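Here is what each chain is made of, one letter per residue.
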Amino acid sequence: MAHKIELLAPAGDFECLVTAINAGADAVYFGIADFNMRARTKNFQLTDLPKVARLCKLRKIKKYLTLNTIVYDEEIKKAENIIKKSKPFIDAVICSDIAVMLLCKKYKVDFFVSTQCSISNSKTAEFFKKLGAKRIVLARELNLNQIKKISKIIPTEIFIHGAMCVSVSGRCFLSEHLYKQSANRGRCIQQCRRYYNVRDDQGQELRVSNHHIFSAKDLCTLPFIEKLKKSGVTSFKIEGRSREPEYVDVVVKAYRKALDKKLTKQEIEDELKELNKVYTKGFSSGFYLGTPTSDDFSDVQSSKAEQSKQFIGKIKHYYSNISVGLLKLSTGKLKIGDDIFIIGKTTGLIKYKITSMQINHKEVIEVKKSEEVGIKLPFCRKGDEIYKVIKR
């Protein structure tokens, strides 16, 4: 009988955490304000961890804390304090600095070795196993045969979807060199995604416009997910702690379906259409099926998602007895038939199509900025944000 593969989802904030749980994740990974590779995202605070643990316990979701940046001598005590205080609320720490690994051992906290360590061979896998690692996140530069071999030594985790760094497993120095913002401290400004000019030794300059020469397409393994299922990997990881709840929702649901059964060709095509609606710079198979080529570089700076969202306003009150939310539009407009997202820290994300709106108990087909309207909505909460889905 094949082993159960864990589906590991990103959680940059409570909205994404709840969305990931509702979408079918088996585990979530998240950072707090310090020592994680997404320092520019919202992240959680240490004081949030009891609530995170409670939410996950209800659905038996594993919780992994990322402390995967490099750590300096003067920061060891701070890292130790984080590990000590987070221990009751997490299942493991994802880390790359050996000092952090030793602290995890000191406090008997399970640790996984981050992809930042670029584990690419069996000998390195054996070393970290002897050190006490419970799992290793493999380097992105491995093909399926290499992954199968290492996965026989120690439980492994691989990325299956999301952004890829043009540098080796993300260990890039470009941001630090140009702007003193270290990618290895979680502060990358992603200047690799910009347009660049090429200048020769005579001073002649050309703008490179056919594609972004440092910007890789996003990883997408859905078309060959069955091959990955046979690789012996323990956990399938989705990149995206800086992404929005709608990204988490769509991506987790797609791979949840693919893990629960073998998808037909048509089902894969349908899910790829859904994946194209949320953040993407185009899709690549990464290194899994062979070395990437020039076709694996993106032709956009940010995203080519087929839909976006526009903030409309916040729910002022929800009348559960009649399933109506009271909304005052802060901007934009809404009409019958519009698709919306309802997003909140406790609600997560709900997708809904507007079918009924009333102003002063009279049906209306459209409302505009500053108008207050009652909308027939599924259960939501005061303070939840309403966004209109915009198709591009």
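So, a few notes on the structure that sits alongside this text. For every chain, the first residue of the written sequence is number 1, and numbering continues from 1 along that sequence. At least 70 in pLDDT is required for a residue's local features to be given in this predicted model, at least 80 for side-chain atom pairs to be given and counted, and no such filter applies to totals for whole chains, interfaces and linings, which use all residues. Remark: hydrogens and water are excluded; side-chain values derive from all non-hydrogen atoms of the structure.

### As for empty space enclosed by the protein
Here a cavity means grid points, on a 1 Å grid over the protein atoms only, where a 1.4 Å probe fits yet cannot get out; a pocket means an open set of points with protein on both sides within 12 Å along at least five of seven lines; lining residues are those with an atom within 4 Å of a point. Grid points are joined across faces, edges and corners, and a volume is the space filled by probe spheres set on the points. What the rule picks out here adds up to one cavity of 30 Å³ or more. Approximately 60 Å³ is the volume found for the largest cavity. As for the largest cavity, its lining consists of Leu138, Ala139, Arg140, Ile158, Phe159, Met164, Leu219, Gly286, Phe287 and Tyr288. Lys, Arg, Asp and Glu make up the charged group, whereas Ala, Val, Leu, Ile, Met, Phe, Trp, Tyr, Cys and Pro make up the nonpolar group; the residues left over, Gly among them, are polar. Each residue belonging to the lining of the largest cavity can be placed in one class, and the counts come to eight nonpolar, one polar and one charged.

### Describing the layout of surface pockets
Taken as a whole, the second largest pocket spans an internal volume of roughly 380 Å³. Taken together, 23 residues make up the lining of the second largest pocket; nearest its centre are Asp13, Glu15, Lys42, Ile343 and Glu385. Elements with a contribution of two residues or more to the lining of the second largest pocket: α1 (14-23), β13 (307-319), β16 (339-344) and β22 (385-391). When the residues that make up the lining of the second largest pocket are grouped by side-chain class, the tally is four nonpolar, six polar and 13 charged. Only DSSP runs of H or I with at least four residues qualify as helices, and only runs of E with at least two residues qualify as strands; both kinds are numbered from the N terminus onward.

### Quick notes on the side chain of Arg140
Turning to its location among the elements, Arg140 is positioned in the loop between β6 (135-137) and α6 (144-150). When a residue's accessible area, from a 1.4 Å probe over protein chains only, is under 20% of the maximum for its type it is buried; when over 50% it is exposed; and in between it is partly exposed. His residues and chain termini do not enter the charge count, which takes Lys and Arg as positive and Asp and Glu as negative. Whenever a carboxyl oxygen of Asp or Glu lies within 4 Å of a side-chain nitrogen of Lys or Arg, that contact is scored as a salt bridge. Notably, Arg140 is buried but unbridged: the nearest opposite-charge side chain belongs to Glu239, and the N-O separation is 5.9 Å. What qualifies as a polar contact is a pair of N or O atoms within 3.5 Å, subject to a donor-acceptor requirement within protein and to the restriction that residues adjacent in sequence count only when both atoms come from side chains. For Arg140, the side chain forms a polar contact with the main-chain oxygen of Ala163, separated by 3.2 Å.

### Considering the state of the cysteines
For the purposes of this analysis, a disulfide is any pair of cysteine sulfur atoms at a distance within 2.5 Å. Under the definition given, this model contains zero disulfides. Sulfur of Cys104: no disulfide; nearest cysteine sulfur belongs to Cys95 and is 4.8 Å away. Judged by its relative accessible area of 0%, Cys104 falls in the buried class.

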